[in-house]
Amino acid sequence: MGVTLSMPQDLSEALKEATKEVHVQAENAEFMKNFQKGQVTRKGFKLVMASLYHIYVALEEQIERNKENPAYAPLYFPEELHRRAALERDMAFWYGPRWEDAIPYTQATRRYVRRLHEVGRKEPELLVAHAYTRYLGDLSGGQVLKKIAQKALDLPSSGEGVDFFTFPNVASATKFKQLYRSRMNTLEMTPEVRQRVIEEAKAAFLLNIQLFEELQELLGQDAEDQSPSQAPGLRRRVGSGARDAAPAETPRGKPQPNLLSQAPLLRWVLTLSFVVATVAVGLYVM
């Protein structure tokens, strides 16, 4: 005789319990683990912030579409939660005045955005799953990540470049999360819809995990592209310059040996030094 396990009564508790595993997976994604250790570059931070901009534009567009829908209306807190304006300021800081033409839009970000629009237009009862995943996560860990980024990237203490993590209209994150969860628990839904909301919350975490994995892969590709083994053009330029140059004359009129042509290791070291200098300058001006 089988035993039927009842789910927690409150929707907020049900979501918290059902997403524990994927929540841990998201936190253990290499990109996030490195971030939490303070191992974040300007390149990586700019990438993730651009992705968050696209995600929040889509999420908040669909929230506005459904703000009077009973399936979402109790959770409508634009002044306290919405992130688009803050992210626009961050984009201007990181990408300059023409940031709208400059910010990247990765494949994993596009998938996430596509799903948000599908939910908002066709299944608005599931929008709560995405709002819960994003906003409560931002309120929970945002301040810690903000401090890590400011320290690792030597950002101004005034908060420029990390506006996304600041919620000026939320006096107490703990109390606001309690309010938000209590509002979630007032949403009326059938057992079937409730289960779909839970599955959508898991899917939202997976979309975030896929995004982190893609960003880490992009950063890894950049590192490979900048390494000596992946820079044949640089090697050719250094090598060809040594080969093509005429031998210098010594005071006695004898040709001086071409050290680069006779020392492959020295040639490689010079190439490496050039690449390292190039990367350092690129990171400095980014």
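Every value quoted in this text rests on a predicted model; they were computed, and no experiment measured them.

Thresholds, definitions, all that
Residues numbered from 1 in each chain as written. Predicted model: local features only at pLDDT ≥ 70, side-chain atom pairs only at ≥ 80, totals over all residues. Heavy atoms only, no water. Core = buried A, V, L, I, M, F, W, Y, C linked by side-chain atoms within 4.5 Å. Buried < 20%, exposed > 50% of the residue type's maximum accessible area, 1.4 Å probe, protein only. Helix = DSSP H or I, 4+ residues; strand = E, 2+ residues; numbered from the N terminus. Axes fitted to C-alpha atoms, helices over the stretch in contact; angles between N-to-C directions. Parallel < 35°, antiparallel > 145°, perpendicular 65-115°, else oblique. Left-handed = near helix turned anticlockwise from the far one by under 90°. Contact = heavy atoms within 4.5 Å. Nonpolar A, V, L, I, M, F, W, Y, C, P; charged D, E, K, R; others polar. Polar contact = N/O pair within 3.5 Å; in protein donor to acceptor, adjacent residues only side chain to side chain. Salt bridge = Lys/Arg side-chain N within 4 Å of Asp/Glu carboxyl O. Phe/Tyr/Trp six-rings, centres within 6.5 Å; stacked < 30°, edge-to-face > 60°. Lys NZ or Arg CZ within 6 Å of the ring centre and 35° of its normal.

(A) Spatial organisation of the nonpolar core. Ranked by internal contacts, the top residues of the largest apolar core, which has 68 residues, are F45, M49 and Y180. Counting residues per element, the ones that place at least two in this core are α1 (11-18), α3 (30-36), α4 (42-65), α6 (84-95), α8 (107-122), α9 (127-152), α10 (173-184) and α11 (191-225). The dominant element in this core, judged by the number of residues it contributes, is α4, at 13 residues.

(B) Representation of the packing of α4 against α6 in the model. Contact pair α4 / α6: the axes reach a minimum separation of 10 Å and the direction vectors enclose 150°. As summarised for this structure, α4 and α6 are arranged roughly antiparallel, according to the angle between their axes. Handedness of the α4/α6 crossing: left-handed. Contacts between α4 and α6 involve R42, F45, K46, L47, M49, A50, L52, Y53, Y56, V57 and E60 from the former and R84, L87, E88, D90, M91, W94 and Y95 from the latter. Of the residues that constitute the contact of α4 with α6, the class distribution is twelve nonpolar, no polar and six charged.

(C) The side chain of T133, seen in detail. Relative to the helices and strands, T133 resides in helix α9. Taking the relative accessible area as the measure of exposure, T133 reaches 9% and is therefore buried. Separated by 2.7 Å, the side chain of T133 and the backbone oxygen of A129 make a polar contact.

(D) Here's a closer look at the pattern of salt bridges. Evaluation of the coordinates by the stated rule reveals 13 salt bridges. R84 serves as the salt-bridge partner of E88, at 3.2 Å between the closest nitrogen and oxygen. On the criterion of helical spacing, the pair formed by E88 and R84 is a turn pair, its members being four residues apart in helix α6. R196 is the partner of E123 in a salt bridge, and the nearest nitrogen-oxygen pair spans 2.9 Å.

(E) Local environment of the packing of aromatic side chains. If you walk through the whole model with that rule in mind, you get twelve aromatic pairs. Ring geometry for F45 versus F165: centroids 6.4 Å apart, planes at 25°, classification stacked. Taken together, the residues span a long stretch of sequence, with F45 in helix α4 and F165 in the loop between α9 and α10 at a distance of 120 residues. For the pair F45 and F165, one class covers both residues: buried. On the numbers, 5.0 Å between centres and 85° between planes, the contact of F93 with W94 is edge-to-face. Owing to a relative accessible area of 33%, F93 belongs among the partly exposed residues under this scheme. Clustering of aromatic rings is evident, with ring pairs tying together F35, F45, Y56, F93, W94, Y135, F164 and F165. Taking the ring centre of Y95 as reference, the NZ or CZ of K46 above it sits at 4.8 Å. When the ring centre of F167 is taken as origin, the NZ or CZ atom of R83, which lies over that ring, is 3.8 Å away.

(F) Representation of the environment of T106. Positionally, T106 belongs in the loop between α7 (99-102) and α8. For the pair T106 and H54, spaced 52 residues apart in the sequence, the C-alpha separation amounts to 9.8 Å. In contact with T106, not counting residues within four places along its chain, are S51, L211, E214, L215 and L218. At 2.6 Å, the side chain of T106 forms a polar contact with the side chain of T109.

Note that every value here comes from positions in space, so none of it alone points to a role or purpose.
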